[in-house]
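Breakdown of the fold
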2 protein chains.
Amino acid sequence: MKNIAIIGYGTVGSGTVELFEKNREAIDKKVERDCDIKYILDLRDFPGDPYEDRMIKDFNIILNDPEIEVVAELVGGATFAYDYTKALLSAGKSVVTSNKELVATHGAELIKLANEHNCSYLFEASVGGGIPIIRPLNKCLAGNKILQISGILNGTTNFILYKMINDQMTFEDALKLAQENGYAEANPTADVEGHDACRKICILASLAYGKHIYPDYVHCSGISHITLDDVAYAENAGFAIKLIGCASMLENGKINAMVSPRFVEKSNLLSNVNDVFNAITITGDGVGDVMFYGAGAGKLPTASAVVGDIIDCLMHHSISIPLHWDDSEDNNFIADYKDAKVSMYVRVEVKEDIANIKSKLSETFGTVLFIERDNRPENELAFITSTMVEREIDKKLDQIKDKAEVKSKIRLL
Amino acid sequence: MKNIAIIGYGTVGSGTVELFEKNREAIDKKVERDCDIKYILDLRDFPGDPYEDRMIKDFNIILNDPEIEVVAELVGGATFAYDYTKALLSAGKSVVTSNKELVATHGAELIKLANEHNCSYLFEASVGGGIPIIRPLNKCLAGNKILQISGILNGTTNFILYKMINDQMTFEDALKLAQENGYAEANPTADVEGHDACRKICILASLAYGKHIYPDYVHCSGISHITLDDVAYAENAGFAIKLIGCASMLENGKINAMVSPRFVEKSNLLSNVNDVFNAITITGDGVGDVMFYGAGAGKLPTASAVVGDIIDCLMHHSISIPLHWDDSEDNNFIADYKDAKVSMYVRVEVKEDIANIKSKLSETFGTVLFIERDNRPENELAFITSTMVEREIDKKLDQIKDKAEVKSKIRLL
């Protein structure tokens, strides 16, 4: 018998138990041994729950039981979860998790710990929910130099933008609908300001580039300032606005990572990723573009990734499954995002003759693509710049700030 | 030093050497040892090739060299490749391949052989070129019962259909263009009649359902009979026509597998997969739908999957990487495709009053959705049936064959 413990019986925890029990026969066959969930740790009581007999409140029971080979840490956060994970890995017990905060904050340390104790720390569920992405990036694409990762990594913001684009809802109304549907929390900051997506792009970039990229060093802007005017201009120019987590290696070897709204061309499959779905495109020097799409959150989709990791650990008892990035002591290898080349959508409020401003912009930027929308106010102008270093774009806009006040800026993907 | 041999220096073989050498430093770091390609076996001469010093013509040099841990079999076919692979696995050397014919024909036997000799037989490149699909299905989705696999598994036919849909080219003209672009071979039968896609869906279904599904038992129809009339009706009804390899488990536990053209709804991301790209959607009982998209063929994309498998084998020396399906001695577990429920697009030539036929069809089928196209001949009628067992649809069409001759039938996905 191979024994498993679950820490945290919330949405993902109960989904993990449900999916595991449902497909237990097939899982036993894969692992070639009977497998069972022996303990479920949660501080709450669940009277009448079918698994009530396995509920415990004392972490040490799991830590000290030599029969437990794998633990699913599904409490979240970086406090208790951090202590539990360190203790378990140090005891040679593999840990699998959906905890993006913990992986983004302490991933390098925990991976190293697993490696030192011949066990594994796996976190397929931490990015993209049920979408296979960690293992494909780590294994299938291992022969590639990763040129770029770009993804819709947060379902809540994608739902909001989808409703803004398709149903002409304002940001505020779309957020309210997301909250009513249970897609957004009462305090939606982590989602709408991009912090959740930021943790996820940091995990993917750390894996791709072999060095821990801490969220604190990554520029992050959300979608709360996007208006229906921006959506209309995007539509007319052939784009959809998406919140994109992006990482790439610049020519100087530095890593450029960022979360921000982007104009995504309609011909890019990412622009067709609607509702709460997630999708990640990885560009490798061998494979070109590959895209991974699916439910980026939710009880059973996330449980799917957790159970997959549990099975992998059970099949590799006493072997550390190779997955690695080095810790980083400084952020010297992270590029300043203002140094990256980008093309920018800009919406301005014009304070003098619009024809003058247009010619001034063309002169300043070289090529400028002016775009239109229905009912454009006379003093509004929107345009897309050619590709240049972002700092240069800012400088050029600053030069004309008396004549044209910037109301919105969104990078093109 | 960890040593590798390449068998077959054609497109994929030379791409594998190129990608490996390009990223060798990073690969060495991942494997934590220096890695090198020691031999390249090909019967042809390559004078002046940068790797000429490693060229050999005698397979036994590879077989008998204890330094060789991993061999990439990139010759294709099921004759030499079969003998080589058996000999290598029996000698405990891992084999990785892009050879879908060999995997679809002898996969169960070769996997078993690898398992018995503590080495691995990996074939990520055999389906979807560089798209990660074998490992995600085998590992990441291991906790799911796989409800359905449906994919665009052949780039040549997708290119042809794309040109028919987007540029109104006839099948013949689009095929010619595909040949001119090097996407289709002089004898295009294996691609256009669906045999290539059939091998690939068999590999995926064998992995998902744990039993070897031989291509001979799988119904397969191609795209050569599709006309621009069908394309026009599809467009008007909100569909794109795609060649889809499909496998699912029926309620009675039997496997339904098939390759055939399908009407794919425009809202389904598969309908937006254009040009020579491939995409595979897997539906699991936990994860829901996940889609994998990318270049399904080509030198470096396929090499990306081969090199990924090589790295995995090098990191698991003397360990058989778990991947398994049982051999099957009969085809009793394969459902008769006529027993599966489906909705069908039908185009008929009408031999009596069209209003009569319409009412007759509505009476026979219950609900029928009639569809239109520009310049529809007066004696032509196209419609989509409700969902029913395919055998029933055939029976019903047979009942009215004197009045309406079937010119085209395409299943809905």
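Owing to the predicted nature of the structure, the values given are computational and were not obtained by experimental measurement.

**Some points on the overall build of chain A**
Along the backbone of chain A there are 14 helices and 18 strands. By the compact-globule yardstick of 22 Å for 413 residues, chain A fits well, its C-alpha radius of gyration being 24 Å. In terms of its C-alpha atoms, chain A occupies a principal-axis envelope of roughly 80 × 45 × 35 Å. Long-range pairs, those at least 24 residues apart, make up 75% of the contacts in chain A between residues at least 6 apart in sequence.

**Comments concerning the relation of the copies chain B and chain A**
Rotating chain B by 180° and moving it 0.0 Å along the rotation axis overlays it on chain A with an RMSD of 0.0 Å. Here the copies are linked by what is in effect a two-fold axis. Measuring from the rotation axis to each C-alpha of chain B, the shortest distance belongs to Phe292 of chain B, at 2.4 Å. A symmetric contact is evident, with 100% of the interface residues of chain B recurring at the interface of chain A.

**Concerning the domain arrangement of chain A**
Often, the extent of an interface is quoted as the loss of accessible area on bringing the components together. In terms of domains, chain A is made up of domain 1 (2-130 + 299-315), domain 2 (134-294) and domain 3 (340-412). Placing the centre of domain 1 of chain A and that of domain 3 of chain A at their C-alpha centroids yields a distance of 51 Å.

**Observations concerning the environment of Ser120 of chain B**
All names here are of chain B. By secondary structure assignment, the location of Ser120 is in the loop between helix H5 (100-116) and strand E6 (121-122). Here Ser120 falls in the buried class, since 24 other C-beta atoms lie within 10 Å of it. Sequence separation between Ser120 and Gly151 is 31 residues, and the spatial gap between their C-alpha atoms is 26 Å. Discounting chain neighbours no more than four positions away, the residues touching Ser120 are Ser94, Ala114, Cys313, His316, Ser320 and Ile321.

**Some thoughts on the sheet that holds E6 of chain B**
Residues and elements named next belong to chain B. One open sheet accounts for six strands, arranged E3-E2-E1-E4-E5-E6; its pairing is parallel. Looking at the sheet topology across the chains shown, the edges are occupied by strand E3 (55-56) and E6. When strand E4 (residues 68-73) meets strand E5 (residues 94-97), the two strands line up parallel, connected through four bridges. Looking at the pairing, Glu73 lines up with Thr97 of E5. Contacts from helix H4 (residues 80-90) reach strand E1 (2-7), E4, E5 and E6 within the one sheet, and its direction differs from that of E4 by about 160°.

**With respect to the interface of chain B and chain A**
Every contact between the two is made by 43 residues of chain B and, on the other side, 43 residues of chain A. Mapped by element, the contributors of at least two residues to the side of chain B that touches chain A are helix H1 (11-22), helix H2 (24-31), helix H6 (134-140), strand E12 (288-295) and helix H12 (299-315) of chain B. For the side of chain B that touches chain A, the leading source of residues is H12 of chain B, giving 10 residues. Tallied by class, the residues present in the side of chain B that touches chain A amount to 25 nonpolar, 11 polar and seven charged. Relative to E12 of chain B, strand E12 (residues 288-295) of chain A is paired through four bridges, and the arrangement is antiparallel.

**Describing unusual backbone geometry**
Residue and element names in this part refer to chain B. In this structure, Glu32 is a non-glycine residue whose phi angle is positive, near 65°. Mapped onto the elements of the fold, Glu32 is located in the loop between H2 and strand E2 (35-41). The class of Glu32 is exposed, set by 12 C-beta atoms lying within 10 Å. With a phi close to 70°, Ser318 is a non-glycine residue in the positive phi region. Of note, Ser318 is situated in the loop between H12 and strand E13 (341-342).

What counts, and at which threshold
- Throughout, residues of each chain are indexed from 1 in the direction in which the sequence is written.
- Each chain takes a letter, starting from A, and each ligand takes a number, starting from 1, following the order in which they are written.
- In keeping with the model being predicted, local features are shown solely for residues with a pLDDT of at least 70 and side-chain atom pairs are shown and tallied solely at 80 or more, while totals for entire chains, interfaces and linings include all residues.
- Think of it this way: any DSSP run of H or I at least four residues long counts as a helix, any run of E at least two long counts as a strand, and we number them from the N terminus.
- Radius of gyration means the value over C-alpha atoms here, while the globule rule gives 2.2 Å times the residue count to the 0.38 power.
- Once C-beta atoms have been placed from the backbone, residue pairs whose C-beta atoms lie within 7 Å are recorded as contacts.
- In this comparison the copies share one frame, found by least squares on the C-alpha atoms of residues holding pLDDT of at least 70 in both.
- Delimitation of the domains relies on an automatic or database domain assignment.
- Buried residues are those with 20 or more other C-beta atoms within 10 Å of their own C-beta, exposed residues have 12 or fewer, and partly exposed residues lie in between; C-beta atoms are placed from the backbone.
- Two strands are counted as paired when DSSP detects at least two bridges linking them.
- Angles here are taken between N-to-C directions and fall from 0 to 180 degrees, while the axes themselves are lines fitted to C-alpha atoms, restricted in helices to the stretch in contact.
- For this classification, the nonpolar set comprises Ala, Val, Leu, Ile, Met, Phe, Trp, Tyr, Cys and Pro, the charged set comprises Asp, Glu, Lys and Arg, and every other residue, Gly included, is treated as polar.

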